[in-house]
Amino acid sequence: MALRRPALVLLLLLPLLGCRLLAVELTSSNTKPVVQEFQSVELSCIIKSTVTPDPRIEWKKIRDGETSYVFFDNKMQGDFATRAEILSRTSLVIKNTTRMDTATYRCEVAAPSDTKTIDEINIQLTVQVKPVTPRCVVPKAVPVGKTASLHCHENEGYPKSTYSWYRNSEPLSPDTKSNTKFQNSSYSLNPATGTLVFHAVHKGDTGRYSCIATNDAGFAKCEEQEMEVYDLNIGGIIGGVLVVLAVLVLITLGICCAYRRGYFANSKETGESYKTPAKPDGVNYIRTDDEVTNDLHLTSLCSGEEEGGQRTTSFFRACRLS
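Residues numbered from 1 in each chain as written. Predicted model: local features only at pLDDT ≥ 70, side-chain atom pairs only at ≥ 80, totals over all residues. Heavy atoms only, no water.

- Taking an unreviewed UniProt entry as the reference, the protein is identified by name as Junctional adhesion molecule 3 belonging to Anser cygnoides.
- According to its UniProt record, the protein has this under Sequence similarities (unreviewed entry): "Belongs to the immunoglobulin superfamily." (UniProt positions renumbered as here; feature names shortened; annotations may be inferred.)

Here you go:
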């Protein structure tokens with residue numbers, strides 16, 4: 001009996017000792033929640049075991065390598081103060097989520113009475129964003145046999161959108177060989193970039209084209225745009241060139257004729273113009289003896305009284321002016 005009594009006491013003390021040896025331990029019902037933008041989400045953080053009656057709870061947000069507090073000192077921090085709350089002592093509920101809420105959230109619990117006093121668990125939250133209406137670029141007219149590139153893109157959706165093209169409301173298959181309707185078409189379609197390239201268009205490629213951007217949150221479609229494939233009129237092009245050349249020839253001939261007829265010649269006076277200055281009105285001009293002698297001499301020369309002198313052009317011009 002003496003041996004059995006200590007064993008019985010030990011058995012009674014083991015549960016108490018086991019409780020003192022417990023460590024704080026956390027778990028979660030979902031470590032990778034996914035939610036659409038503007039909806040609510042619960043980040044599950046559950047204390048699985050602890051002997052501390054009132055452990056300290058903290059939540060942190062880790063995004064792009066930066067860490068910020070969400071719940072600290074028993075209150076919400078930052079913009080979470082108006083749209084988040086603690087549920088069941090440790091879980092975090094975020095209301096009206098936005099794309100900026102996509103991040104890693106860390107739940108930390110400190111239990112001083114436990115052997116292991118601190119435990120943490122990471123929750124990876126993904127907020128999905130619907131695509132916006134993509135921007136579609138479709139050429140209006142392309143000649144037969146030429147290359148045509150169609151583009152479709154939007155940059156708001158998360159995760160990134162994939163793209164599909166439609167002609168006359170029928171989807172274009174990424175593989176032309178898989179659909180008999182498009183076996184005659186020569187195109188390549190990239191769903192990741194939204195680029196549709198016709199390597200050599202033909203008349204059958206004429207139609208109304210539209211594009212749809214799709215991700216896990218939804219889809220968006222651009223309006224239909226018409227693309228016309230037309231035959232290249234070689235004869236018309238040659239005729240147009242000949243008409244232009246004929247017009248240029250006529251213009252050149254007209255200019256040459258105008259030059260020959262002197263329409264572009266500059267009228268310039270040759271020689272010098274002499275004019276006797278007029279006498280001012282009301283002024284009696286008295287001539288000097290030298291001026292009278294010079295005039296008599298010039299008059300005699302002009303009348304031929306003096307001979308043997310050389311009569312130049314200037315001489316005859318002076319006689320006419322006298």
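Having seen the structure, we can now continue with the description.
**Observations regarding the overall build of the protein**
Alright, step 1. Scanning the protein for helices and strands turns up 4 helices and 21 strands.
Alright, step 2. Burial analysis of the protein (322 residues in total) assigns 30% to the buried set.
Alright, step 3. Surface summary for the protein: the accessible area is close to 22100 Å², and the carbon and sulfur share equals 55%. (Helix = DSSP H or I, 4+ residues; strand = E, 2+ residues; numbered from the N terminus. Buried < 20%, exposed > 50% of the residue type's maximum accessible area, 1.4 Å probe, protein only. Areas by Shrake-Rupley, 256 points an atom, 1.4 Å probe, with all protein chains shown as cover.)

**Some words on the state of the cysteines**
Alright, step 1. If you walk through the whole model with that rule in mind, you get 3 disulfides.
Alright, step 2. Residue Cys-45 pairs covalently with Cys-107 via a disulfide, S to S 2.0 Å. Its torsion about the S-S bond being -70°, the disulfide of Cys-45 and Cys-107 is classed as left-handed. One end of the pair, Cys-45, is in the loop between strand S3 (41-43) and strand S4 (46-49); the other, Cys-107, is in strand S10 (residues 103-110), with 62 residues separating them in the sequence. The two residues Cys-45 and Cys-107 agree in class, both being buried.
Alright, step 3. Paired through a disulfide, Cys-152 and Cys-211 show a sulfur-sulfur distance of 2.0 Å. In this structure the cystine formed by Cys-152 and Cys-211 twists about its S-S bond by roughly -85°; its chirality is therefore left-handed. With Cys-152 in strand S14 (residues 148-153) and Cys-211 in strand S19 (residues 207-215), the pair connects residues that are 59 residues apart, well separated along the chain. When sorted by exposure, Cys-152 lands in the same class as Cys-211, which is buried.
Alright, step 4. Cysteine Cys-256 shares no disulfide, and the gap to the nearest cysteine sulfur, in Cys-257, comes to 6.9 Å.
Alright, step 5. Of the residues examined, Cys-256 reaches a relative accessible area of 37% and is grouped as partly exposed. (Disulfide = S-S within 2.5 Å.)

**A closer look at the sheet that holds strand S12 (residues 135-137)**
Alright, step 1. The strand order across the open sheet built from 4 strands is S12-S14-S18-S17, with neighbouring strands paired in antiparallel fashion. The open sheet has two edge strands with one neighbour each: S12 and strand S17 (187-190). Mean inter-strand twist for the sheet, computed between neighbouring axes without regard to direction, equals 5°.
Alright, step 2. Two elements, S17 and strand S18 (residues 195-198), share 4 bridges in a ladder whose sense is antiparallel. By the bridge assignment, Leu-189 is partnered in S18 with Leu-196. (Pairing = 2+ DSSP bridges. Axes fitted to C-alpha atoms, helices over the stretch in contact; angles between N-to-C directions.)

**Quick look at the confidence of the model for the protein**
Alright, step 1. Counting all residues, the mean pLDDT for the protein is 82, and 71% of those residues have values of 70 or more.
Alright, step 2. Throughout residues 267-275 the model reports pLDDT below 50, and contacts reaching past four residues in sequence, or to other chains, amount to 2 contacts. (pLDDT = per-residue confidence, 0-100. Contact = heavy atoms within 4.5 Å.)

**Here's the deal with the nonpolar core**
Alright, step 1. Within the largest apolar cluster, 25 residues are counted, with the highest numbers of intra-cluster contacts made by Leu-43, Trp-59, Leu-92, Ile-94, Tyr-105 and Leu-125.
Alright, step 2. Judged by nonpolar contacts, the second largest core, of 20 residues, contains Tyr-187, Cys-222, Met-227 and Val-229. (Core = buried A, V, L, I, M, F, W, Y, C linked by side-chain atoms within 4.5 Å.)

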